Amino acid sequence: MSSSHRFRACPLCEAICGLDFAFEGEQLTAIRGDSEDPFSRGHVCPKGNAILDLEADPERLRLPQRRTTKGWQTLSWDEAFDYAGEQLAAVQARHGPSAVAAYLGNPNVHHFGHIAYLPALLRALKTRNVYSASSVDQWPHQLVSWAMYGHQFLIPIVDIDHTDYLLMLGANPVASNGSLLTAPGIPKRLKALTRRGKLVVVDPRRTETAELATEHLAIRPGGDVWLLLALLQDLAEIGPPRLQAYAGHLQGFDQALQAIVDMDLGNLQSRTGIARETISTMASELHAAPRAAVYGRMGVSTQRYGSLCQWLIQLLNLYTGNLDRVGGVLPNDTVFPVTGPGTSKGHRDLWRSRVRGLPEFAGELPVSALAEEILTPGEGQVRALLTSAGNPVLSTPDGRELDRALESLEFMVSIDIYVNETTRHADLILPPTSFLSQHHLDLIFNAFAVRRIVRWNQPIYPQPEAERADWQIVNGLGAAYAKAAGKDWRGLPAPEQMIEGGLRRAGMVDVASVRSAEHGLDLGPLQPSLLRRLETDSGKIECAPEFLLADLQRLAADNGSMAEGALQLIGRRDARSNNSWMHNAPRLIKGKARHQLWMHPQDLESRGLSDGQRVRVRSRIGQIDTEVQASDQLQPGVACLPHGFGHGRSDVGWSLAAALPGASYNDLSDPLDLDVPSGNAALNGTPVWVEALTG
Ligand SMILES: Nc1nc2c(c(=O)[nH]1)N[C@H]1C(S)=C(S)[C@@H](COP(=O)(O)OP(=O)(O)OC[C@H]3O[C@@H](n4cnc5c(=O)[nH]c(N)nc54)[C@H](O)[C@@H]3O)O[C@H]1N2
Ligand SMILES: Nc1nc2c(c(=O)[nH]1)N[C@H]1C(S)=C(S)[C@@H](COP(=O)(O)OP(=O)(O)OC[C@H]3O[C@@H](n4cnc5c(=O)[nH]c(N)nc54)[C@H](O)[C@@H]3O)O[C@H]1N2
Ligand code: SF4
Ligand SMILES: [Mo]
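Described below are features of the structure shown in this document. (Residues numbered from 1 in each chain as written. Chains lettered and ligands numbered in written order. Predicted model: local features only at pLDDT ≥ 70, side-chain atom pairs only at ≥ 80, totals over all residues. Heavy atoms only, no water.)

## Describing the site of ligand 2
Where we set the bar: We call a residue near a given molecule or strand whenever any one of its heavy atoms falls within 4 Å of it. Two N or O atoms form a polar contact when they lie within 3.5 Å of each other; inside protein one atom must be a possible hydrogen donor and the other a possible acceptor, and for residues adjacent in sequence the pair counts only when both atoms belong to side chains. Per-residue accessibility takes into account occlusion by the displayed protein chains alone, with areas from the Shrake-Rupley method and a 1.4 Å probe. Segments assigned H or I by DSSP are reported as helices when at least four residues long, segments assigned E as strands when at least two residues long, and all are numbered from the N terminus. The nonpolar class holds Ala, Val, Leu, Ile, Met, Phe, Trp, Tyr, Cys and Pro. Asp, Glu, Lys and Arg form the charged class, and all remaining residues, Gly among them, are polar. The start and end points of each domain follow an automatic or database-based domain assignment.
Near ligand 2 lie 30 residues; those nearest to it are Asp 203, Asp 224, Asp 574, Ser 577 and Asn 579. Between ligand 2 and Gly 170 there is a distance of 3.3 Å, counted from a nitrogen atom to a backbone nitrogen or oxygen. The fraction of the free accessible surface of ligand 2 (920 Å²) that becomes covered by protein chains is 97%. Mapped onto the shell around ligand 2, the elements with two or more residues apiece are α7 (173-176) and α14 (298-301). Ranked by the residues each element gives to the shell around ligand 2, the list is headed by α7, at three residues. Across the shell around ligand 2, the residue classes break down as ten nonpolar, 13 polar and seven charged. In terms of domain composition, the shell around ligand 2 takes at least three residues from each of domain 3 (144-335 + 528-555) and domain 4 (561-692).

Written as structure tokens, this is what we have:
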């Protein structure tokens, strides 16, 4: 048999590493990092390798499955599309268009056949109930970019390879491989930075990233907003803002600064856990660094003041003259544009959720409101659900309540490759064929990359006759629904044409050379482009958005007090995890268990608990049982639990995952706890009580 190598980017995280797939004949035999990828240069992590497990998993679905009283039954694609189309149209005929809700999970963004096609289906459905994993993740980033720069995806990216000073809050890229920061092989890049300059990590836990940083500051969960305010107040004393480069492009800067300077920062130390002098030193260093960047991720976006944090981070980069500057932070000007004409820049509060009155953002409602929209009777109640590549029962606040809510739906259809904790409730599951047999170009992750890159991923093996690609499923569903609802429907052409068309229209690159570059193309470092790309109505950077200034008042009224005996719960990611869905891969789950609740030894002792013991963890909304592990990476008062465990529920299709110990973080997280401006879930900082599990 002849051996061959084929190349494609990994779709499992934002690093989009180039992978080298080794074949014997048509049999995939090994996966390595592609050393010829000019961007990732051979980097690969355990998950990239686990694609072998995903491809071979006998429990992965390949044909449509309908839930019956006798279990799951396979049906033909045409039967499946017709069934789904008729049911969705029937629910809307009975209860109105918004009675059909949609939830889009994280992997949608990783597949062209999902992200480029789903919007058309959602438009056809005309529902106000669209939800996604974005509202348990990066909504504050998108909201702040929309408010300040006029487009939700005009997000400045850290120029990690050229900066001299990086202040990083609430991110652990050594485990997560970077987020809103596509930089494959990030540990190497961070080590180079610490040799060149300074990396300061602000995180309640001494993470893998903190370990390699120049300095780690253990912040109290949720204290970041105070820290960021203090930094700006200190800068205002150190010296005037460096705004020359932005002359004529700023709106409201003085007003924003005044509002910040007016904030009372009493109790700073108790709110942040960091000494005032330490913060002042950071401000001086930030001011003095030739090229500096402030970056905050998950840990600061999924907290109560996530939007304020992201806004303050933009202002810090602006104040120090590092916004849109080489070695600072700059938006990526991609050759397949996701900003500019014809793209969706965002809007806010055009409608509100029915039960709690939460504002929409960019056409979506906060997923923390989904369960109540299903369970609360009345006009506009959600009665059917479409999910695509998501597992909100494990990944969104009060997953147990959502679990119950899904039981009550009249119809549910899921585009997914597994029967997971969520899709087990579906009446119908439509599984896409392997991504390896599909064309793909990264829309979003190229825009978050620390260099200008493009890669047209070609299929590396043929699509099996009986299977359907993700885009074919979306088109099939759309056509069947439109037929049943008596609406017009024009399916989009295949990805190959869409990619070609998009690159050609933008005209920034020679299409043939992109197509033939099997390892991808590096088009050079980030260059300033923000000022000419602003999409605000004023055409300027809006430094003082009204709704963010208003949120400062909410903050001022928050005394930050904690309930008696409570610990603050935070999350963690492990290099071998991928949210909730890769626990069925033998390569990833082998070795030590990773589900435990970590606590500081002192907190164990004061509760009479010992390392390894089974405990009950309670929050306002629920409880879980799990094991504790002593960890000196945490400060007293903080507990740490990964999300994406708790698979052992009836009827799930992933048996290796189901056999793992561990409970779901989101059986504890609170759907009422939100970053108010965006509606993003405050997953981190949840107050919990831990006690021994007796009996
Ligand atoms: N407590 C807590 N909760 C969190 C987080 C946290 O840090 N702490 N993190 C949050 C974040 S950042 C995110 S992004 C969300 C993720 O939350 P979700 O997106 O809801 O869930 P995932 O676990 O990513 O599940 C993805 C699903 O997509 C399926 N899938 C995989 N590949 C494909 C494909 O190619 N096509 C289709 N159709 N399906 C596919 C998988 O089988 C799986 O069922 O979780 C959030 N929840
Ligand atoms: N191995 C692995 N990689 C992944 C994923 C995965 O599940 N596993 N998921 C992918 C996804 S969807 C995403 S969005 C990215 C996320 O990528 P990152 O943003 O790097 O996410 P985390 O690793 O969760 O890091 C968040 C950090 O915030 C800290 N933190 C918690 N609360 C606070 C707080 O109040 N203040 C501060 N300053 N820090 C706090 C936590 O201790 C944690 O170290 O990772 C992606 N990559
Ligand atoms: S870091 Fe791992 S999961 Fe992420 S793209 Fe690279 S190989 Fe894939
Ligand atoms: Mo995410």
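## Points about the packing of aromatic side chains
Stated formally: Each Phe, Tyr or Trp ring, with Trp reduced to its six-membered ring, pairs with another whose centre is within 6.5 Å; inter-plane angles below 30 degrees give stacked pairs, above 60 give edge-to-face pairs, and intermediate values give tilted ones. Distance and angle both matter: a charge sits over a ring if NZ of Lys or CZ of Arg is within 6 Å of the ring centre and within 35 degrees of the ring normal.
Applying the stated criterion to the full structure yields twelve aromatic pairs. Between Phe 23 and Tyr 461, the ring centres sit 5.9 Å apart and the planes meet at 85°, which makes this aromatic pair edge-to-face. On the criterion of sequence distance, the pair formed by Phe 23 in strand β2 (residues 18-24) and Tyr 461 in the loop between β20 (451-454) and α20 (470-485) is long-range, its members being 438 residues apart. Three or more aromatic residues link up through ring pairs in this structure, and these residues are Phe 112, Tyr 117, Phe 336 and Trp 471. We note Arg 6 situated over the ring of Phe 23; from NZ or CZ to the ring centre the distance is 3.9 Å. Across from the ring centre of Tyr 83, 3.8 Å away, lies the NZ or CZ of Arg 66, which sits over that ring.

## Observations regarding empty space enclosed by the protein
Heads up, the condition is: Definitions used for this entry: grid spacing 1 Å over protein atoms alone; cavity, a set of points where a 1.4 Å probe fits but cannot get out; pocket, an open set with protein on both sides within 12 Å along at least 5 of 7 lines; lining residue, one with an atom within 4 Å of a point. Grid points are joined across faces, edges and corners, and a volume is the space filled by probe spheres set on the points.
Evaluated as defined, the whole model comprises five cavities of 30 Å³ or more. Roughly 150 Å³ of volume is contained in the largest cavity. Lining of the largest cavity is provided by 15 residues; of these, His 141, Ile 155, Pro 156, Gln 310 and Gln 314 occupy positions nearest its centre. Looking at the lining of the largest cavity, the elements with two or more residues in it are α6 (139-149), β8 (157-158), β13 (292-296) and α15 (306-319). Looking at the lining of the largest cavity, the element that brings in the most residues is α15, giving four residues. Looking at the lining of the largest cavity, its residues break down into nine nonpolar, six polar and no charged. Its boundaries defined by the atoms lining it, the second largest cavity holds a volume of some 120 Å³. Together, 14 residues line the second largest cavity, and Ile 16, Asp 37, Ile 453, Val 454 and Arg 455 are the ones closest to its centre. Considering only residue class, the lining of the second largest cavity consists of seven nonpolar, four polar and three charged.

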